[in-house]
Amino acid sequence: MMINLIRLASVVNQVKKCSLQKNHVKLKNQIYLMCWRSMSAVRGNRKSAEDDLQLELVSEQDNQDVHDYEELVHKMHLLPDAGHQVAILQPFVKWGPKKNLLTTPDLMLEEAKALVDSLPNWKCVDAIKVPVESLEKKTIFGSGQFESLQKNIVANPNISAVFVSTNVLRGIQRRELMMAFGVPVFDRYSVVLQIFKDRARTREAKLQVAFAEIPYLRSSLVGLQKGTKNNLPVENTSRGSKGGSGESFCDSQLHLLDRREIKIKKELEKLAKKRTLLKCERKKREFPVVAIVGYTNCGKTTLIKSLTGDSKITPRDALFATLDVTVHGMKLPCNLTVLLVDTVGFISNIPVNLIAAFNSTLRDAIDADVLVHLQDISHPDVENQVATVKVTLEQLNIDSTKTVIQVANKIDKMSSEKLDDYSDLHISAKDGTGLEELVDLIQTKVLEITNRRYLRLMVLSGGTEYSWLHKEATVVKYSNTKDPQYLALDVLVTPSTFGKLRSNFPDIRVLNKQ
Ligand code: GDP
Ligand code: MG
């Protein structure tokens, strides 16, 4: 009996170890179930063993889904690590209401190149501006243009992918272009997704990127399905994970996406709850929050590094170097600690839901007491960048009455006559110019917005008021008074602390005017 049990246990373990190859999962589960049943019958505790097994089967479905999902992502060419030699097509509307007046086709093309260059192993091998009437056509481009683009791309063996630098292609547009060019076709949404994938470090960032990827995959699949009736330009396989009989490959993939979406959403909600708890803790201590927002690469991380002197922060000359919202403490001249929040950068011409995928992390910025909108004034496209950030903030439902300080950065790269006058301040996060003024302005706004009062109080040195104030208020400075037993204490108090002060110490002498 004992030997039988040991044998059985070893079979169970071997089955357990057998790799998760796609078609073997169902079979594996069945063998596993049989083994468990026999083993549990031998042990006499079949019920609880089956319960355990049920749990394992659920997680195996998840494992299978993760595996299938990765396979789908691979087939849809949404893996950044593969590397590509990219031909960039920059369409621009020649005239009419859809024409972008804030930027130029050259600047748009420059940014498209910067996006491609910011991915490891991706290289731009060709870049063309293409005037179009609108971006709605099935192939985007006019028929003559389209034919000549197709001829050039097909004839150039160096091109392994095409990047059509527009917001987001409809599934059907993507399919048409892929069929015509014979290589994977990307739009701004998918390229930025690749960059996000490459940069995501924490579990939350990774989940948020995956969450933004699912709707994109879904619309691509639907577009492909519509155009091809199941004859996808991605490999069509019949697999163990396929849904019930008669279900097409596309349908089974759509179900897979639904399951992944639910799973990821749940995990994100769990993480968001944790974040809310942290935020409550922070609120309890009443640290005001200052969020730095701005176009990608405008210098947000550099500014936080300069303001906090945190040597661990490493700014990078790369688009979207910061994906995780990070929080850093800074003491204001009045001794009050504020939390500086570094955020994901914004970029023009991608759907706001890609940035909004970072909603729970961006909430830190959205809920901040003060926003600093940093602008790279040395950038030729600064006007368009500033407008993009403003629109994105609006779309993220940031309260329009929120205090926003407009700050022009990188003035060290400018001659003084070129400085604009639409910012509140000009600074260089790199060499420190203007940072003192910025900190003063942040202080003024923070005190204003959080209703903190500035009080000068006459306090018995070492008395109960003295220690209470040290605990409850922000002590800015002490000075001697004529009476050596008393000190003048300059403090900052929140409205609630002010109320407590009044009720606990009604006789305390306030020296400054209220
Ligand atoms: P972020 O994407 O907004 O966080 O930008 P980073 O802080 O990572 O900075 C992007 C690039 O701009 C880096 O190469 C920085 O060194 C550079 N940079 C940031 N601030 C300044 C500045 O005031 N002057 C100059 N010349 N370069 C700056
Ligand atoms: Mg950054």
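Residues numbered from 1 in each chain as written. Chains lettered and ligands numbered in written order. Predicted model: local features only at pLDDT ≥ 70, side-chain atom pairs only at ≥ 80, totals over all residues. Heavy atoms only, no water.

J.: Whenever I open this one, helix α7 (residues 188-199) confuses me. Can you help?
T.: Note on helix geometry: an α-helix contains 3.6 residues per turn, so any two residues three or four positions apart are oriented the same way. With twelve residues, α7 extends 16 Å between its outermost C-alpha atoms, agreeing within 8% with the 16 Å of an ideal straight helix rising 1.5 Å per residue. Buried residues dominate α7, accounting for ten of its twelve residues. Within the sequence span of α7, burial applies to Arg 188, Tyr 189, Ser 190, Val 191, Val 192, Leu 193, Gln 194, Ile 195, Phe 196 and Arg 199. (Helix = DSSP H or I, 4+ residues; strand = E, 2+ residues; numbered from the N terminus. Expected span 1.5 Å × (residues − 1). Buried < 20%, exposed > 50% of the residue type's maximum accessible area, 1.4 Å probe, protein only.)

J.: Looking at this structure, how should I read the site of ligand 1?
T.: Near ligand 1 there are 16 residues, and of these Asn 297, Lys 300, Thr 301, Thr 302 and Asp 412 occur at the shortest range. Thr 301 is positioned such that a nitrogen or oxygen atom in its side chain is 2.8 Å from an oxygen atom of ligand 1. Taking Lys 430, its main chain carries an N or O atom lying 3.2 Å from an oxygen atom of ligand 1. Here the shell around ligand 1 gets three residues from one element, more than from any other, and that element is helix α10 (residues 300-308). Here the residues of the shell around ligand 1 sort into three nonpolar, six polar and seven charged. (Near = heavy atom within 4 Å. Polar contact = N/O pair within 3.5 Å; in protein donor to acceptor, adjacent residues only side chain to side chain. Nonpolar A, V, L, I, M, F, W, Y, C, P; charged D, E, K, R; others polar.)

J.: I'm lost on the packing of aromatic side chains in this one. Help?
T.: Pairs of aromatic rings are described using the distance from one ring centre to the other and the angle between the two planes. Counting across every chain of the model gives five aromatic pairs. The interplanar angle of 45 degrees and the centroid separation of 6.0 Å between the aromatic rings of Phe 146 and Phe 181 together place this pair among those described as tilted. Placement of Phe 146 in helix α5 (residues 143-155) and of Phe 181 in helix α6 (residues 171-181) is noted, with a sequence separation of 35 residues between them. Here the aromatic rings of Tyr 466 and Tyr 478 are separated by 6.4 Å at their centres, their planes lie at 35 degrees, and the arrangement is tilted. Residue Tyr 466 is located in helix α15 (residues 464-472), and its partner Tyr 478 is located in strand β12 (residues 474-480); the two are separated by twelve residues in the primary sequence. Overall, the relative accessible area of 42% leaves Tyr 478 in the partly exposed class. The ring centre of Phe 498 lies 4.0 Å from the NZ or CZ of Arg 453, which sits over that ring. (Phe/Tyr/Trp six-rings, centres within 6.5 Å; stacked < 30°, edge-to-face > 60°. Lys NZ or Arg CZ within 6 Å of the ring centre and 35° of its normal.)

J.: Help me out: how do you make sense of the pairing of strand β13 (residues 486-493) in this one?
T.: Successive residues of a regular strand alternate their side chains across the two faces of the sheet. By the criterion of burial, β13 is predominantly enclosed, with seven of the eight residues buried. Direction of pairing for strand β11 (residues 453-460) relative to β13: antiparallel, over a ladder of eight bridges. Paired with Arg 456 across the strands is Asp 490, a residue of β13. As defined by bridge partners, β12 adjoins β13 across six bridges and the pair is classed as antiparallel. Each residue of the ladder has a partner; that of Lys 477, found in β13, is Asp 490. (Pairing = 2+ DSSP bridges.)

J.: Quick question: what am I supposed to make of the sheet that holds β11 here?
T.: By way of backbone hydrogen bonds, the strands of a sheet pair with one another, either parallel or antiparallel. Strand order in the open sheet formed by four strands is β12-β13-β11-β14, and the pairing between neighbours is antiparallel. Of all strands in the sheet, those bounded by a partner on one side alone are β12 and β14 (509-510). Bridge count between β11 and β14: two bridges; the pairing is antiparallel. When the sheet's bridge partners are listed, Leu 457 is paired in β14 with Val 510. In this fold α15 packs onto β11, β12 and β13, with an angle of close to 150 degrees to the strand it touches most, β11. (Contact = heavy atoms within 4.5 Å. Axes fitted to C-alpha atoms, helices over the stretch in contact; angles between N-to-C directions.)

J.: What should I look at first to understand the side chain of Thr 450 in this one?
T.: As for its position among the elements, Thr 450 is in the loop between α14 (435-449) and β11. Residue Thr 450 is classed as buried on the basis of its relative accessible area of 16%. Polar contacts involving the side chain of Thr 450 include one to the main-chain carbonyl oxygen of Val 446, which spans 2.7 Å. When sequence neighbours within four positions are dropped, the list of residues in contact with Thr 450 reads Pro 288, Asp 369 and Pro 495.

J.: Just checking my understanding: could you explain the nonpolar core for this structure?
T.: Nonpolar side chains in soluble globular proteins tend to end up buried together. Residues Phe 163, Leu 217, Leu 257, Phe 346 and Leu 362 are the most contacted members of the largest nonpolar core, which totals 57 residues. If you tally residues by element for this core, the top one is helix α8 (residues 203-228), at nine residues. For Leu 257, the residues in contact, after removing those within four places along its chain, are Tyr 69, Leu 72, Ile 214, Leu 217, Arg 218 and Leu 221. With 27 residues, the next largest nonpolar core counts Leu 307, Met 330, Leu 340 and Val 372 among its residues. (Core = buried A, V, L, I, M, F, W, Y, C linked by side-chain atoms within 4.5 Å.)

J.: Whenever I open this one, the sheet that holds strand β3 (residues 161-164) confuses me. Can you help?
T.: A sheet is described by the order of its strands in space; here four strands give the open sequence β2-β1-β3-β4, paired in parallel fashion. At either end of the open sheet lies a strand with only one pairing partner, and these are β2 (122-132) and β4 (185-186). Pairing between β3 and β4: two bridges, direction parallel. Along β4, the bridge assignment pairs Phe 163 with Phe 186.

J.: When you look at helix α13 (residues 382-395) in this model, what are you seeing that I'm missing?
T.: Helix length check: α13 (14 residues) gives 20 Å between terminal C-alpha atoms against 20 Å at 1.5 Å per residue, within 8%. Within α13 the residues assigned to the buried category are Val 382, Asn 384, Gln 385, Val 386, Thr 388, Val 389, Thr 392 and Leu 393. The first or second residue beyond α13 is Asn 397, which carries a positive phi of 65 degrees.

J.: Would you take a moment to explain the pairing of strand β1 (residues 84-93) for this structure?
T.: Of all ten residues that make up β1, nine are buried, and the element is covered over most of its length. Pairing geometry for β1 and β2, over ten bridges, is parallel. Within β2, the residue paired with Phe 92 across the bridge is Pro 131. Crossover handedness for the path β1 to helix α4 (residues 105-117) to β2: right-handed. Bridge count for β1 against β3 is four bridges, and the pairing is parallel. Bridging from a neighbouring strand, Leu 89 pairs with Val 164 of β3. (Right-handed = clockwise from strand over helix to strand, strands pointing away.)

J.: Looking at this structure, I do not really get the side chain of Ser 220. What am I missing?
T.: Tracing the backbone shows Ser 220 in helix α8. You can call Ser 220 buried: its relative accessible area is 3%. One polar contact links Ser 220 to Arg 174, side chain to side chain, over a distance of 2.8 Å. At 2.9 Å, the side chain of Ser 220 forms a polar contact with the backbone oxygen of Tyr 216. Sequence-distant contacts of Ser 220, defined by excluding residues within four places in its chain, comprise Met 76, Gly 171 and Arg 174.

Structural measurements only, silent on function.
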